[in-house]
Amino acid sequence: MRKRIAEGMVASLMHTAPHVTAVFEADLSAVMQHRAANKESFASRGTPLTLTAYFVAAAVAAIQKVPRVNSRWSEEHLEIFHHINIGIGTALGDEGLIVPVLHNAQNKDLQAIAASLADLTSRARNHALTPEDVRGGTFTISNHGVSGSLIATPIIIHQPQSAILGVGKIEKRIKILEVDGEDLIAIRPMCYVSLTIDHRAIDAFQTNAFLTELVNTLENWPA
């Protein structure tokens, strides 16, 4: 597994795609409030409501706004996918990394996303994934913040995809808010989100538009 990971990483970064990374910051207050209000009801239905589920849902919304992020480059054309199959980078400790794929995420609500994530990550860590579970990804999320990092760059694109989203550690930070024309100091749960792109397929305009939509979705999550 380590050899296959190494071959894929080197091929993607050094020989295939010019990597460029943009970083935005997200205030997760609305997400945290929604999760606190709904965590028990999800659990009662056997589904853990993880923060990753929110990032998957927000990524779907951002991809629908900026479809080019969900694409594959070739010398003849750029293939933009209508289906959104999101790979979730899952660490297996010293054994390496695997990327199970949540297929057709565009058709799933938060409940279905959370249930699918719980199933995939559990089977990944128990070595019970099928070949179909790791095929067909069109976009990937790396939640590197679970191990403590704020920013990781560049996160290597999972070929032949065109982009990968990085989610940093969530921590309370001071944020300046403007309320009725006055600047106020608040403490908010914040994290850095990054998009690393294949610059052959995606430019800065699409990169920043994607991250803007992602952050807006997270920060304005309905109660």
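Everything discussed here concerns the structure shown above.
In this text, all values refer to a predicted model and were calculated from it rather than measured experimentally.

Rules and cut-offs
Residues numbered from 1 in each chain as written. Predicted model: local features only at pLDDT ≥ 70, side-chain atom pairs only at ≥ 80, totals over all residues. Heavy atoms only, no water. Patch = residues over 30% accessible without salt bridge, like charges linked within 9 Å, V, L, I, M, F, W, Y side chains within 5 Å. Areas by Shrake-Rupley, 256 points an atom, 1.4 Å probe, with all protein chains shown as cover. Salt bridge = Lys/Arg side-chain N within 4 Å of Asp/Glu carboxyl O. Helix = DSSP H or I, 4+ residues; strand = E, 2+ residues; numbered from the N terminus. Buried < 20%, exposed > 50% of the residue type's maximum accessible area, 1.4 Å probe, protein only.

*Asks:* Would you mind showing me how to read a nonpolar patch on the surface here?
*Replies:* Taken together, the side chains of Ile174, Ile176, Ile185 and Ile187 present a nonpolar region at the surface, about 480 Å² in accessible area. Breaking the nonpolar patch down by element, the ones donating at least two residues are β10 (171-179) and β11 (182-198). Within the secondary structure, Ile174 sits in strand β10. For Ile174, a relative accessible area of 65% gives the class exposed.

*Asks:* In this structure, what is going on with unusual backbone geometry? I would like to understand it.
*Replies:* Apart from glycine, the bulk of residues carry a negative phi angle, and the bulk of peptide bonds sit in the trans form. Residue Thr153 is joined to Pro154 through a cis peptide bond whose omega torsion reads -10°. Locating Pro154 in the fold gives a position in the loop between β8 (139-142) and β9 (163-167). Even without being glycine, His127 reaches a positive phi, approximately 55°. By the secondary structure assignment, His127 is in the loop between α4 (110-125) and β8.

*Asks:* Just checking my understanding: could you explain the pattern of salt bridges for this structure?
*Replies:* Two side chains of opposite charge can pair, provided their charged atoms sit close to one another. A complete count under the given rule lists eight salt bridges for this structure. Residue Arg173 is joined to Glu171 by a salt bridge in which the shortest nitrogen-to-oxygen separation is 2.9 Å. Residue Asp198 pairs with Arg200 through a salt bridge whose shortest N-O separation is 2.6 Å. For Asp198, a relative accessible area of 1% translates into the label buried.

*Asks:* Just to check I follow, could you spell out the environment of Pro67 for this structure?
*Replies:* Here Pro67 lies in the loop between α3 (51-65) and β2 (71-73). We classify Pro67 as partly exposed; its relative accessible area is 40%. Sequence-wise, Pro67 and His103 are 36 residues apart; in three dimensions their C-alpha atoms are separated by 16 Å.

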